Amino acid sequence: EVISRQSRKITSLIDQILELSRLEAGRNLELKSINLSSILQNLATDYEKLASTKGLKFSCVVAPDAQILGNELLISRLVDNFLSNALKFAEVRIELNLTLTKTHALLSVKDDGLGISKKDIELIWNKFYQVESSRNKSQNRGSGLGLAIAANIAKIHGAKLGVKSEAGAGSEFWAEFELVNLKQA
């Protein structure tokens, strides 16, 4: 049982390293017009159930019909990374939001967990970096690759990425995408 569990853990780590390597190599992905709102609604359905099983409140406010240039699978992975981290660290609630301006879509995932100290904020995007890994090793077993993958996905999509956080006050991860001007498409 222990060998099987460790084997699955190593396989997952290798898969993540390979995915990160492919993203960093900048393989030529064809970006097409995709509906970010729809992707978020689908992920929200799954994460609402997962949050409920952990006794967490999940709220989702998504502006309709946000069209961006992207790869649906990669965008789903970016959002999944944000949501899975929120699920690991939230104490009471998780919020998924998408707001629109005339030119951009702003996606945010907010949790009310322990937050991240100022000294760690810039480092969290680095490969294998984990904030105070001893705090979550036993229950959350992360590899420290999720946010590095998210950063590479954002780069491929020309998106801005960031986090607002404070130790003891939760975290809000965000990504800003340029909207597709459908009149020009």
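Novice: Before we go on, may I ask you to explain the layout of surface pockets in this structure?
Specialist: Over the atoms, a rolled probe matching the size of one water molecule traces out where space is still vacant. Here the second largest pocket is characterised by a volume of approximately 160 Å³. Classifying every residue of the lining of the second largest pocket gives five nonpolar, three polar and three charged.

Novice: Just checking my understanding: could you explain the pairing of strand E4 (residues 93-100) for this structure?
Specialist: On any regular strand, side chains alternate: one points to one face of the sheet, the next to the other face. As judged from the six bridges shared by strand E2 (residues 57-62) and E4, these two strands associate in the parallel manner. Directly across from Ser59, in E4, lies its bridge partner Glu95. Note that E4 and strand E5 (residues 104-111) share seven bridges and pair antiparallel. Residue pairing across strands places Asn97 opposite Ser108, the latter belonging to E5. Counting the residues between successive antiparallel strands, the hairpin from E4 to E5 contains three residues.

Novice: It is not clear to me how helix H3 (residues 72-89) should be interpreted in this structure. Could you clarify?
Specialist: Given 3.6 residues to a turn, an α-helix orients residues that are three or four positions apart in the same direction. The end-to-end C-alpha distance of H3 is 26 Å, a good match for the 26 Å that 18 residues give at a rise of 1.5 Å each. Looking only at H3, the buried set comprises Leu74, Ile75, Ser76, Leu78, Val79, Asn81, Phe82, Leu83, Asn85, Ala86 and Leu87. Put simply, Asn71 is the residue that caps the front of H3, since its side-chain oxygen is 3.1 Å from the backbone nitrogen of Leu73.

Here is what the cut-offs are and how they apply
- Along each chain, residues carry numbers from 1 onward, in the same order as the chain's sequence is written.
- In keeping with the model being predicted, local features are shown solely for residues with a pLDDT of at least 70 and side-chain atom pairs are shown and tallied solely at 80 or more, while totals for entire chains, interfaces and linings include all residues.
- In computing side-chain properties, one takes all heavy atoms of the structure into account and sets aside hydrogens as well as water.
- Two kinds of site are reported from a 1 Å grid over the protein atoms alone, namely cavities, where a 1.4 Å probe fits but cannot get out, and pockets, open sets with protein on both sides within 12 Å along at least five of seven lines, and residues are called lining when an atom falls within 4 Å of a point.
- Grid points are joined across faces, edges and corners, and a volume is the space filled by probe spheres set on the points.
- Charged means Asp, Glu, Lys or Arg here, nonpolar means Ala, Val, Leu, Ile, Met, Phe, Trp, Tyr, Cys or Pro, and polar covers whatever is left, Gly included.
- Two strands pair if DSSP finds at least two bridges between them.
- Think of it this way: any DSSP run of H or I at least four residues long counts as a helix, any run of E at least two long counts as a strand, and we number them from the N terminus.
- For a helix, the expected span equals 1.5 Å multiplied by the residue count minus one.
- When accessible area is computed with a 1.4 Å probe and restricted to protein chains, residues below 20% of their type maximum are described as buried, those above 50% as exposed, and intermediate ones as partly exposed.
- For the purposes of these results, a polar contact is taken to be a pair of N or O atoms within 3.5 Å, where, inside protein, one atom must be able to donate a hydrogen and its partner to accept one; residues adjacent in sequence count only when each atom of the pair is a side-chain atom.

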